[in-house]
Amino acid sequence: MQKIGVFICWCGSNIAATVDVEAVTEAVKAEPNVVFSTNYQYMCSEGGQSAIRNAIAEYGLTGIVVCACSPRMHEATFRKTAAVAGLNPYMVEIANIREQCSWIHKEKDEATEKAVILARAAVAKLNRNVPLFAGESPVVKRALVIGGGIAGIQTALDVADAGYEVDIVEKTPTIGGKMAMLDKTFPTLDCAACILTPKMVDASAHEKINLYTYSEVESVSGFVGNFTVNIRKRARGVNSDLCTGCGVCIEKCPSKGAKSEFNQGLCNRGAIYIPFAQAIPNVPVIDHDACIKFKTGKCGICERVCTAKAIDYAQEDEIITKQYGAIVLATGFKPIPMEMYDEFQYAQCPDVITSLEFERICNAAGPTKGKVLRPSDHEPPKTVVFVQCVGSRATVDCGKTYCSKICCMYTAKHAMLLREKYPDTEAYVFYIDVRTPGKSFDEFYRRAVEEYGVHYIKGMVGKVAEEDGCLLVQGSDLIADKQITIKADMVVLAAAIEPDPTARSLGTMFTASMDTNDFFTEAHPKLRPVESPTAGIFLSGLCQGPKDIPDTVAQAGAAASKVIGLLSKDKLMGNPCIAGCNEPLCNGCSSCELVCAYGAITYEDKLVIDHGVRETRRVACVNEAVCQGCGACTVTCPSGAMDLKGFTNLQIMAEVDAICR
């Protein structure tokens, strides 16, 4: 027979202001096998935990119910408290009387009645509970970072500096990400390359870091501490071990018609190319779609001029299989497509550009060598209009409802750089609100207005039209309460940012949760901001949500610290709340195998004794190390053979019966 103790938390006034905790304490004393019931102001505090430990010892409790906040907050805390007192940690039940009760009710009588029902249900389930014991699994002392931008590089460096092997997988030919495309960074206006390039060199030279550029993750299996990942290393057409990076092949390539992805399509590149001068690795890659050799079988000039004999047209993709203890997703972002915004004439007029394209124009290594020139006629603009929130904070289907966070600051930076290079050029900024939530950010924006004379206009741009070689920007000035038209030579659109397109497929592959905008979702927004709900998967940078470089680097360090904490363990305790199969009931239909997102269920032919009859049957087998206890198999199984330890059908029905009493 169970001996149950019930502990009710006030949570300050969060619970006690709406729930009569004394009434709940008295009510649960009448529940079956409850031998002790009490309440305390803060049950998660040291005093509250001490009261739990003392009660377990004094009353010989076999299980406890804690009526408090969400189990996502403090279930682990109370389980540890029970374990210290000698109680099996899985004989602890949490009744959520804060989020599910006090926070959503105004009437005290109604909230108190519901709190009693929730406590009663938890007691009923605990009466059906049995002690569970976690298994152990070894930890592979290696981490995988997917994405070679500043977030991925910083995460990898921090983990590698702690002494662990790290592999960086980057889909483009070089690490560096979007930050490598920038000219200056706000709010200090220091050179982006001067900050990033040393980090890239450090990552390349670090003895604990391996770079897999021009590569993608093909598949993944396993579980926290022991993931098996297949990496597709795409064929460069150049042998990295032989190439000296001399650049002769790039210079002699006759095919120069492909658009440069790194320069946002503002200039052309060769069929064999290095994205930018400081690229790491400094090894060219052959674009099969642009290469004459691959299209016609002719040419082959790069092979003939290469003195190192590094060109290898027959090179094929390579699949590399490795094991990892932890995986970090740092897949970054991209600006949303502007072609859908016809009102700004982006697709029709070359002088309407995005902020990232303007960044490349400003860059000394960009297509115009740092000179701000109109793409249409390569003349310096006399008037430039910057349009904020294009696609951000949108109420239409083609935009994003969220704020992209970085646009206000980089627009101020662009306007300042423009005025610095060309003091006679007028800069206008149309904005909804100026958002500067960072250290020295507001001062930076004020400099743009007060020192550089940038004209800020509070209002939206409704239309951009081309007329006689000029761009007519029609918008509203809400401060002056009038419609205005500005004749501009160039229009720069601050495009909203969204997750990289690879994020969705990777999220499916790693069973990492995502929101409706395809940003990865953290396990808890406050307590576990860099962890995915899937154990062993961590988040770094803009794949989790819009942020600037300082916040990205900070999150990269936080993700690295979590990875180091995981890899420092020799073994991990598994989750005992996993699926199990009642073999005599299993009919071998494969329904559970098909719905298992983790690949934890397989089928085997086993000898089964059913009502005294011995026969060989095809039955489900659960890999306990892989199972994450999601319960999908239990609701799918037509015969009721699959059940979830800790949340069995009997336990759930006991809760339902208690609620319905």
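Everything quoted here is computed from the prediction, not taken from an experiment.

Trainee: An account of the overall build of the protein is requested, with residue identities and associated values reported.
Mentor: Helix and strand counts for the protein stand at 17 helices and 34 strands. Its C-alpha atoms give the protein principal-axis dimensions of about 85 × 65 × 45 Å. The 661 residues of the protein split such that 50% are buried. Within the protein, contacts between residues at least 6 apart in sequence are counted, and of these 68% link residues at least 24 apart. With an accessible surface of roughly 29600 Å², the protein has 52% of that area assigned to carbon and sulfur atoms.

Trainee: Requested: an account of helix H6 (residues 192-205), with residues and values cited.
Mentor: Given a rise of 1.5 Å per residue, 14 residues ought to cover 20 Å, and the 20 Å separating the end C-alpha atoms of H6 matches this to within 8%. For H6, the full list of buried residues reads Ala 192, Leu 196, Met 200 and Ala 203. The buried residues of H6 all sit within an arc of 65° when viewed along its axis, so they share a single face. Away from its buried face, by an angle of more than 90 degrees, H6 presents the exposed residues Cys 194 and Ala 205. Next to the buried residues of H6 lie helix H5 (150-161), strand S8 (184-185), strand S9 (190-191) and strand S10 (209-213).

Trainee: Describe the sheet that holds strand S12 (residues 226-233), listing the residues and the values that go with them.
Mentor: Within the open sheet, the three strands sit side by side as S11-S12-S17. Their pairing is antiparallel. Every interior strand has two partners, whereas the edge strands, strand S11 (215-223) and strand S17 (318-324), have only one. In this sheet, neighbouring strand axes are inclined to one another by 20° on average, regardless of whether the strands run parallel or antiparallel. When S12 meets S17, the two strands line up antiparallel, connected through seven bridges. Across the sheet, Ile 231 pairs through a bridge with Ile 320, a residue of S17.

Trainee: Please give an account of helix H10 (residues 355-362) that cites residues and values.
Mentor: The buried fraction of H10 amounts to eight of the eight residues, a majority that puts the element mostly inside the structure. Of the residues making up H10, those classed as buried are Ser 355, Leu 356, Glu 357, Phe 358, Glu 359, Arg 360, Ile 361 and Cys 362.

Trainee: How would you explain the sheet that holds strand S6 (residues 142-146) if you had to name every residue and give the values?
Mentor: Across the sheet, five strands lie side by side as S10-S7-S6-S18-S29; this open sheet has parallel pairing. A strand with exactly one partner marks an edge of an open sheet, and here the two such strands are S10 and strand S29 (537-539). The average undirected angle you get between the axes of adjacent strands in this sheet is 20°. As judged from the five bridges shared by S6 and strand S7 (residues 165-170), these two strands associate in the parallel manner. Following the sheet pairing, Leu 144 is matched in S7 by Asp 167. Sitting on the sheet, helix H14 (residues 549-567) touches S6, strand S18 (326-329) and S29, and the angle it makes with S29 is about 160°.

Trainee: Which residues make up the domain arrangement of the protein, and what values do they have?
Mentor: How large an interface is tends to be reported as the accessible area lost when its parts come together. Domain annotation for the protein reports domain 1 (4-126), domain 2 (142-234 + 317-332 + 500-567), domain 3 (248-305), domain 4 (334-498) and domain 5 (579-645). Computed from C-alpha coordinates alone, the two centres of domain 1 and domain 3 are separated by 67 Å.

Trainee: Give me the lowdown on the pattern of salt bridges, citing residues and values where you can.
Mentor: Evaluated as defined, the whole model comprises 33 salt bridges. Of the charged contacts, one joins Arg 232 and Asp 317 as a salt bridge, the two residues approaching to 3.3 Å between their closest N and O atoms. Placement of the pair is Arg 232 in strand S12 and Asp 317 in the loop between helix H9 (301-305) and S17, with a sequence separation of 85 residues. Under the relative-accessibility criterion, Arg 232 is labelled partly exposed at 27%. Of the charged contacts, one joins Glu 498 and Lys 334 as a salt bridge, the two residues approaching to 2.6 Å between their closest N and O atoms. Highlighted residues: Glu 498 in strand S28 (residues 497-499) and Lys 334 in strand S19 (residues 333-335), separated in sequence by 164 residues. Under the relative-accessibility criterion, Glu 498 is labelled buried at 14%. Within this structure, Asp 351, Arg 374, Asp 377 and Asp 489 form a network of salt bridges that share partners.

Trainee: Give a detailed account of a nonpolar patch on the surface, specifying residues and quantitative values.
Mentor: A surface patch of nonpolar side chains, about 330 Å² in accessible area, is lined by Phe 647, Ile 652, Met 653 and Val 656. With respect to the helices and strands, Met 653 occurs in helix H17 (residues 649-660). Overall, the relative accessible area of 44% leaves Met 653 in the partly exposed class.

Trainee: So what's going on with the side chain of Ser 392? Which residues, and what values?
Mentor: Assignment of secondary structure puts Ser 392 in the loop between strand S21 (383-390) and helix H11 (407-421). Residue classification places Ser 392 among the buried positions, given a relative accessible area of 3%.

Trainee: Got a sec to walk through empty space enclosed by the protein? Specific residues and values, please.
Mentor: In total, this model carries six cavities of 30 Å³ or more according to the counting rule given. Here the largest cavity defines a volume of roughly 120 Å³. What lines the largest cavity is a set of 15 residues, among which Cys 243, Gly 245, Cys 246, Cys 249 and Cys 306 lie closest to the centre.

Trainee: With reference to specific residues and values, describe the pairing of strand S23 (residues 455-458).
Mentor: Examined bridge by bridge, strand S22 (residues 426-431) and S23 share four bridges and lie parallel to one another. Residue pairing for S23: Val 429 is matched across the bridge by Tyr 456.

Trainee: So what's going on with the nonpolar core? Which residues, and what values?
Mentor: In globular proteins that are soluble, nonpolar side chains generally tend to be buried together. Counting 40 residues, the largest nonpolar core has Val 6, Ile 64 and Ile 97 as the members making the most contacts within it. Of all the elements in the fold, those that place two or more residues in this core are strand S1 (4-9), helix H1 (21-28), strand S2 (34-40), helix H2 (46-59), strand S3 (63-68), helix H3 (71-84), strand S4 (92-96) and helix H4 (108-128). When residues of this core are assigned to their parent elements, the largest contribution, eight residues, is made by H4. With residues near it in sequence (within four places) discarded, Val 6 still touches Val 28, Val 34, Phe 36, Ser 37, Thr 38, Val 65, Cys 67 and Val 123.

Trainee: Just give me the short version of a negative patch on the surface, but keep the residues and values in it.
Mentor: Side chains of Asp 20, Glu 22, Glu 107, Asp 109, Glu 110 and Glu 113 sit close together on the surface and give a patch of like negative charge. Among the elements that make up the negative patch, the one with the highest residue count is H4 (three residues). With respect to the helices and strands, the residue Glu 110 is situated in helix H4. Judged by its relative accessible area of 43%, Glu 110 falls in the partly exposed class.

Trainee: Would you mind going over the side chain of Thr 25 in detail, with residue names and values included?
Mentor: Take Thr 25: it is sitting in helix H1. A relative accessible area of 4% places Thr 25 in the buried class. At 3.0 Å, the side chain of Thr 25 forms a polar contact with the side chain of Asn 39. Not counting residues up to four positions away in its chain, the partners in contact with Thr 25 are Ile 8, Ser 37, Thr 38 and Asn 39.

Trainee: Talk me through unusual backbone geometry; I want residue IDs and the actual numbers.
Mentor: Trans peptide bonds make up most of the peptide bonds, and negative phi angles are found at most residues other than glycine. With an omega dihedral of 0°, the bond running from Phe 186 to Pro 187 counts as a cis peptide bond. As for its placement among the helices and strands, Pro 187 is situated in the loop between S8 and S9. A cis amide bond, omega 0°, links Ile 280 with the succeeding residue Pro 281. Located in the positive-phi region is Cys 11, a residue other than glycine, with phi close to 50°. Structurally, the position occupied by Cys 11 is in the loop between S1 and H1. Its identity is not glycine, yet Gln 345 carries a phi of approximately 60°, on the positive side.

The rules we used
- Residues numbered from 1 in each chain as written.
- Predicted model: local features only at pLDDT ≥ 70, side-chain atom pairs only at ≥ 80, totals over all residues.
- Heavy atoms only, no water.
- Helix = DSSP H or I, 4+ residues; strand = E, 2+ residues; numbered from the N terminus.
- Buried < 20%, exposed > 50% of the residue type's maximum accessible area, 1.4 Å probe, protein only.
- Contact = heavy atoms within 4.5 Å.
- Areas by Shrake-Rupley, 256 points an atom, 1.4 Å probe, with all protein chains shown as cover.
- Expected span 1.5 Å × (residues − 1).
- Arc of directions from axis to C-beta.
- Pairing = 2+ DSSP bridges.
- Axes fitted to C-alpha atoms, helices over the stretch in contact; angles between N-to-C directions.
- Domains from an automatic or database assignment.
- Salt bridge = Lys/Arg side-chain N within 4 Å of Asp/Glu carboxyl O.
- Patch = residues over 30% accessible without salt bridge, like charges linked within 9 Å, V, L, I, M, F, W, Y side chains within 5 Å.
- 1 Å grid on protein atoms, 1.4 Å probe; cavity = no way out; pocket = protein on both sides within 12 Å on 5 of 7 lines; lining within 4 Å.
- Points joined across faces, edges and corners; volume = space filled by probe spheres on them.
- Core = buried A, V, L, I, M, F, W, Y, C linked by side-chain atoms within 4.5 Å.
- Lys, Arg positive; Asp, Glu negative; His and termini not counted.
- Charge placed at Lys NZ, Arg CZ, Asp CG, Glu CD.
- Polar contact = N/O pair within 3.5 Å; in protein donor to acceptor, adjacent residues only side chain to side chain.

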